[in-house]
Amino acid sequence: MVSIILKKINRRLDFIKNTNLYSFKNANAIPELKKHYAFSEKFASTFPKTSVYNLVFTGSVGTGKTHLSKCIFTELTSKGYNSLFLSATELNNLFLKMHIGELDRVLTLEMLAECDLLIIDDLGVEPMYNNVTVEYLLATLSLRIQNKKHFIITTNLTHNEILSRYGERLLSR
């Protein structure tokens, strides 16, 4: 069942193929985001031995957070790294399927915890399910940190909004 989900995710990712760091560097990107290009290029070129394991891109709608994370994703997958790019809503739907028993909890958490890079796009737009959203997100991020695996999160939420929505334990990760 997990392999079927990965195949669906990979088919959906066809839209990312022409998004890479070189194209980003040469595009008319928003000036604030261009500042982050050099850091992102270094992150991708030194991966997995980066000095920073986890990135959180925050900012308002339309500032290029998703585009930049797609560039990193494309760069790393082209080098053969096992990376997952999921919207927060897609990830939350996996959590719900795990919770109600449609997906094997151990295998799904293992897939999320063990891939080389997990990108969670647009954190904060997903519905909040009791005993699911925060709990499984916290478990996933904690496992990734424990296993020294990288993740990138993009969000429009501020520090205080993340704290209010997900709590201090998740914010600290």
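Report on the accompanying structure. (Residues numbered from 1 in each chain as written. Predicted model: local features only at pLDDT ≥ 70, side-chain atom pairs only at ≥ 80, totals over all residues. Heavy atoms only, no water.)

Points about the side chain of T50
Move 1: Tracing the backbone shows T50 in the loop between α4 (37–46) and β1 (54–58).
Move 2: Of note is the side chain of T50, whose polar atom sits 3.0 Å from the side chain of H150. (Helix = DSSP H or I, 4+ residues; strand = E, 2+ residues; numbered from the N terminus. Polar contact = N/O pair within 3.5 Å; in protein donor to acceptor, adjacent residues only side chain to side chain.)

Quick notes on helix α8 (residues 133–146)
Move 1: With 14 residues, α8 extends 20 Å from end C-alpha to end C-alpha; this agrees with the ideal 20 Å at 1.5 Å per step.
Move 2: Regarding α8, the residues found buried are T133, Y136, L137, L138, T140, L141 and R144.
Move 3: Within two residues after α8, K148 carries a phi angle of roughly 55°, on the positive side. (Expected span 1.5 Å × (residues − 1). Buried < 20%, exposed > 50% of the residue type's maximum accessible area, 1.4 Å probe, protein only.)

Focus on the pattern of salt bridges
Move 1: Summed over all chains, the structure comprises two salt bridges.
Move 2: Between K149 and D116 there is a salt bridge; the shortest N-O distance is 3.8 Å. With a gap of 33 residues between them, K149 in the loop between α8 and β4 (150–155) and D116 in the loop between α7 (105–114) and β3 (117–123) connect regions that are remote in the sequence.
Move 3: With relative accessibility at 23%, the residue D116 sits in the partly exposed group.
Move 4: Residues R165 and E126 are paired through a salt bridge, measuring 3.8 Å at the closest nitrogen-oxygen approach. With R165 in helix α9 (residues 159–166) and E126 in the loop between β3 and α8, this pair connects stretches of sequence that are 39 residues apart. (Salt bridge = Lys/Arg side-chain N within 4 Å of Asp/Glu carboxyl O.)

What about the packing of helix α6 (residues 88–99) against α8?
Move 1: Remark: α6 packs on α8, axes separated minimally by 10 Å, with the N-to-C direction vectors making an angle of 105°. The angle between α6 and α8 falls in the class roughly perpendicular. Taking contact as the criterion, the partners of L91, N92, F95, M98 and H99 in α6 are, on α8, T133, Y136, L137 and T140.
Move 2: Residue composition of the contact of α6 with α8, grouped by class: five nonpolar, four polar and no charged. (Axes fitted to C-alpha atoms, helices over the stretch in contact; angles between N-to-C directions. Parallel < 35°, antiparallel > 145°, perpendicular 65-115°, else oblique. Contact = heavy atoms within 4.5 Å. Nonpolar A, V, L, I, M, F, W, Y, C, P; charged D, E, K, R; others polar.)

Section: the sheet that holds strand β2 (residues 83–87)
Move 1: The strand order across the open sheet formed by four strands is β1-β4-β3-β2, and the pairing between neighbours is parallel. If you trace the sheet from one side to the other, it starts and ends with β1 and β2, each paired once. With direction set aside, neighbouring strand axes in the sheet form an average angle of 10°.
Move 2: Pairing of β1 with β4, which is carried by five bridges, proceeds in the parallel orientation. When the sheet's bridge partners are listed, T58 is paired in β4 with T155. (Pairing = 2+ DSSP bridges.)

Looking at the environment of T50
Move 1: Taking the relative accessible area as the measure of exposure, T50 reaches 9% and is therefore buried.
Move 2: Along the backbone, T50 and H150 are 100 residues apart, and their C-alpha atoms lie at a distance of 9.1 Å.
Move 3: When neighbours within four sequence positions are excluded, T50 is seen to be in contact with F43 and H150.
Move 4: In terms of polar contacts, T50 uses its side chain to reach the backbone carbonyl oxygen of V52, at 2.6 Å.

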